[in-house]
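Structure at a glance
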Amino acid sequence: MDEIEERRSRNEPNPDNHNHSLPIHLLSGVYTARKESLLHSFYRIVYRARSRSQRRRLYATFVFISCLLFLLIFTQQQNSIDTVDTSYSEADKEGARGFDEPHKAAELKLLQNGANDEEFGDDGGEDLKPDLAPPIIHYLWCGQKKFEFRHYLSIKRANYIIKPDKIFFHYLDMPLLDNEQYYTWFNQTRFENDHILLKKLNTTWCPQEGAERYMLVLSILEYFGGIYIPEDALVVDFPIHLRAVQFMSGVVAKSLSVYSEGVIVAKKNGFISPSSQNGLNIVLASGRSAAQGTIEPCGSIEHYNKEGEDDCICVLVKDEIFPSSIWDLQTNFGILSRLSAYGVQSVEPNFSKKTTIPKIAHYICWDCELKFGAFLSILSALNVAGLSKVYVHGIKPPSGMWWKTLQETGRVIHVYREYPEMSHERGAMTQELAQGIMRMTILLKYGGVYCDSKVIWTNEIPDELFGYEAVASPDWRVYGSWPDSVSHTSMMAKKNSEYLYRLRNLHKKKRLESFWFVDQFLAYKILEQSPTVLKFDRHFQVKCLSHNCHPTWHANYKTSLVENMPGPAFDWFNETLSVYWDVFPEVELDTVKYTSGPIVDAARRVLQKSGISLQVLNIR
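The paragraphs below set out a description of the structure included in this document. (Residues numbered from 1 in each chain as written. Predicted model: local features only at pLDDT ≥ 70, side-chain atom pairs only at ≥ 80, totals over all residues. Heavy atoms only, no water.)

As for the overall build of the chain
Convention followed: What counts as a helix is a DSSP run of H or I of at least four residues, what counts as a strand is a run of E of at least two, and both are numbered from the N terminus. We call a residue buried when its accessible area falls under 20% of the maximum for its residue type, exposed when it is over 50%, and partly exposed in between, using a 1.4 Å probe and counting protein chains only. Contacts: residue pairs with any heavy atoms within 4.5 Å of one another.
If you tally the helices and strands in the chain, you get 19 helices and 21 strands. By the burial criterion, 45% of the 620 residues in the chain qualify as buried. Relative to all contacts within the chain whose residues are 6 or more apart in sequence, the contacts with residues 24 or more apart total 72%.

A few points about the nonpolar core
The nonpolar side chains of a soluble globular protein tend to be buried with one another. Formally: Side-chain atoms within 4.5 Å are what join buried Ala, Val, Leu, Ile, Met, Phe, Trp, Tyr and Cys residues into a set we call a nonpolar core.
The biggest cluster of nonpolar side chains holds 138 residues, and the ones touching the most others in it are F238, W457 and Y499. Looking at this core element by element, the count peaks at 9 residues for helix α16 (residues 515-529). Each residue touching Y499, except ones within four places of it in the same chain, is listed here: E469, A470, V486, H488, M491, A523, I526, V533 and L534. Core analysis: the second largest hydrophobic core is formed by 23 residues, L216, L218, Y259 and L284 among them.

Remarks on the sheet that holds strand β1 (residues 136-141)
Condition: Two strands qualify as a pair provided that DSSP identifies no fewer than 2 bridges between them. Every axis in this analysis is a line fitted to C-alpha atoms, fitted for helices over the stretch in contact. Angles between the N-to-C directions lie between 0 and 180 degrees.
Sheet architecture is open: 6 strands sit in the order β3-β2-β1-β4-β9-β6, paired in mixed fashion. In the strand order of this sheet, the two ends are held by β3 (196-200) and β6 (247-249), each with one partner. Taking the axes of each pair of neighbouring strands and ignoring which way they run, one obtains an average angle of 20° across the sheet. Taken together, the 2 bridges between β1 and strand β4 (residues 226-228) define a ladder with parallel strand orientation. In the sheet register, H138 faces β4, and the bridge partner there is Y228. In the packing of helix α7 (residues 211-224) onto the sheet, the strands contacted are β1, β2 (166-171), β3, β4, β6 and β9 (264-266), and the crossing angle to β1 comes to about 150°.

Let's talk about unusual backbone geometry
Looking along the chain, the bond that leaves F584 and enters P585 is cis, with omega of -5°. Positionally, P585 belongs in the loop between β21 (578-582) and α17 (589-594). With a phi close to 55°, N269 is a non-glycine residue in the positive phi region. One can find N269 in the loop between β9 and α8 (277-286). Using a relative accessible area of 56% as the deciding quantity, one classes N269 as exposed. Positive phi is not limited to glycine here, since N556 has a value of about 55°. Take N556: it is sitting in the loop between β20 (548-550) and β21. Given a relative accessible area of 76%, N556 falls into the exposed group.

So, the pairing of β2
The element β2 is extensively covered by neighbouring structure, given that 5 of its 6 residues are classed as buried. Taken together, the 6 bridges between β1 and β2 define a ladder with parallel strand orientation. From the neighbouring strand, H138 faces β2, where its bridge partner is F168. In this structure, β2 lies alongside β3, joined through 5 bridges in parallel fashion.

So, the pairing of β21
For β21, the buried fraction is high: 4 of the 5 residues fall into the buried class. Note: strand β15 (residues 455-457) against β21, 3 bridges, orientation antiparallel. By the bridge assignment, V455 is partnered in β21 with Y580.

Examining the state of the cysteines
What counts, and what does not: For the purposes of this analysis, a disulfide is any pair of cysteine sulfur atoms at a distance within 2.5 Å.
Overall, the coordinates contain 4 disulfides when judged by the stated rule. Each disulfide pairs two cysteine sulfurs, and for C298 the partner residue is C314, the sulfurs being separated by 1.8 Å. Residues C298 and C314 share a disulfide whose torsion about the S-S bond is about -95°; that sign makes it left-handed. Note that C298 is positioned in the loop between α8 and α9 (301-307) and C314 in strand β10 (residues 314-316), a separation of 16 residues in sequence. The class of C298 is buried, set by a relative accessible area of 11%. C314 gets classed as buried once you look at its relative accessible area, which sits at 0%. Paired through a disulfide, C365 and C368 show a sulfur-sulfur distance of 1.9 Å. The exposure class of C365 is buried, given its relative accessible area of 6%. Accessibility expressed as a relative area gives 4% for C368, which makes it buried. For the chain, the bonded cysteines pair up as 1-2, 3-4, 5-6, 7-8 when numbered in the order they occur along the sequence.

Some thoughts on the packing of helix α12 (residues 372-383) against helix α18 (residues 598-609)
Put simply, the rule reads: Every angle not falling under 35 degrees, over 145, or within 65 to 115 is termed oblique; those three ranges are roughly parallel, roughly antiparallel and roughly perpendicular. Left-handed describes a crossing whose near helix is turned anticlockwise from the far helix through less than a right angle; right-handed describes the clockwise counterpart. In this classification, the charged set is Asp, Glu, Lys and Arg, the nonpolar set is Ala, Val, Leu, Ile, Met, Phe, Trp, Tyr, Cys and Pro, and all remaining amino acids, among them Gly, are polar.
The interhelical angle for the contact between α12 and α18, taken along N-to-C directions, is 60°, at an axis separation of 9 Å. In terms of orientation, α12 and α18 fall into the oblique class. Viewed along their axes, α12 and α18 form a crossing whose handedness is left-handed. For the pair formed by α12 and α18, the contact residues are F375, L376, L379, S380 and N383 on the first element and A603, V606, L607 and K609 on the second. Class assignment of the residues belonging to the contact of α12 with α18 gives a composition of 6 nonpolar, 2 polar and 1 charged.

Considerations on the pattern of salt bridges
Test applied: Think of a salt bridge as a Lys or Arg side-chain nitrogen and an Asp or Glu carboxyl oxygen that are within 4 Å of each other.
For the structure shown, the criterion picks out 14 salt bridges. Ionic pairing is found between K145 and E231, a salt bridge with its closest N-O pair at 2.3 Å. A residue pair is termed long-range when its members are at least 10 positions apart, and K145 in the loop between β1 and α5 (149-162) and E231 in the loop between β4 and β5 (233-235) qualify at 86 residues. In this structure, D463 engages K359 in a salt bridge whose closest nitrogen and oxygen atoms are separated by 2.9 Å.

Scope: geometric values only; no functional claims are made or implied.
This is the structure we're talking about:
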């Protein structure tokens, strides 16, 4: 009784009576509350838990049930999403794929500028059908002449578009070579294509034009079958269905003796080759019947630039062109020729600001008696070109008063470096070659700006140039038919530059050749083959020999080394970044003090920007 009374005083229920001792209206209120509020019921359950351990178990049970319910709901929703995704991938994605793929194919066709439509099929398309004209290309080389860049483009483009099994090069006389070794396009063509077969004609005549030429062409096609392409024509497009007909001709008789050049396609023994001009005209006309379709003669460059590829199967290149002729040519033919040569629509020197050329200069010390001209050059690299430090490489530190003056700047450092030597089997290495190899080795390892001691910088190097992989300027010496050459008396490069690797290997292979020929002219072949590896900047430097300067941005700037004709006047302050002054006697202090002229003015500006007066130098 005492326990019951105590519970009553604390308002606690009697465990023996449970809820039976509660009034009816209270019982109904409890059940109504439970129905109305699940949260209230939860609080009631918690309230009935008499100890902390019971309440912890109650909380844990509630958390577990909540997690289980959340997991069940999430799984059900994910299954619904997967069902929707599966439905989309099987139906809607097919529609999306059907939309995207034709556009990608169209872009690829534009890049190829006329590649075969069937090439995009899964099994090779029409090319696998029987009874086609054989995939053989025929070139007829007549006359004693050089194999030019346009001929190289013709074969390279046709090989890419048609993808022949063989390319027959029919000739009576092989292409001529030049003593200056520029016309190597034929050797390059043979090197790049192992399916080119040289076929000497078994005749004593090989006409370059007129009815006799096409009679010879038709006799070759009757015997072999295949595709005749003019030697100076670039194929724009060649659909496979053209090989399905017996004979089709793009050559048209304009008069009794004049014919429009074009492509001819024929099956082996698909026609009877003519033996007379009248017979030739009849056969050529039969190859243009409306029933089998027709192909037009090759268009001119002017026509192709105006009409585009829709009206041309091939483009005739009648005049000689060089790789530099097409690098910046913004026409239809420019795009076609770049696709033919490099496989891209545009060519630009490699450029990236992620890694830049270090703003440091490298000089090579040979006799190490630093003269006033070299003193001016180093000052100009620091205070005009805007480079941070100058490293002078050699087996011993430079000497003389001018070197001591440079040491006061704290920005000119000597670096011990051995000179390269040839193996004993090849004799001694010339100083010129050794210095050239050192130049490439230093830049490959460190990157930066190489400067000859005869270079005076006239302007600050723009930040943009430091983003290119390598930078150099043209040289001015005329030599045979070479369209240009490269000067390395000043050059910039990132370390491990592709251009420098190729130049280094070139010198390694051509050590027995004259250094100037390899370094200036054969190096230009690197640029012709890969114009992206070097920024060829005509305003980077002007070279002067015996007071005659040759700015290479002017027309007809090339001249003979022996004649050394004076070049046009130029503004050294605004039109170039540097001047290479190869004059005897060299620039001396008295020259700068008492004479005048462009190089003297440039030297005085170097001293002024370096904070050095002529009076101070005179005292020293």
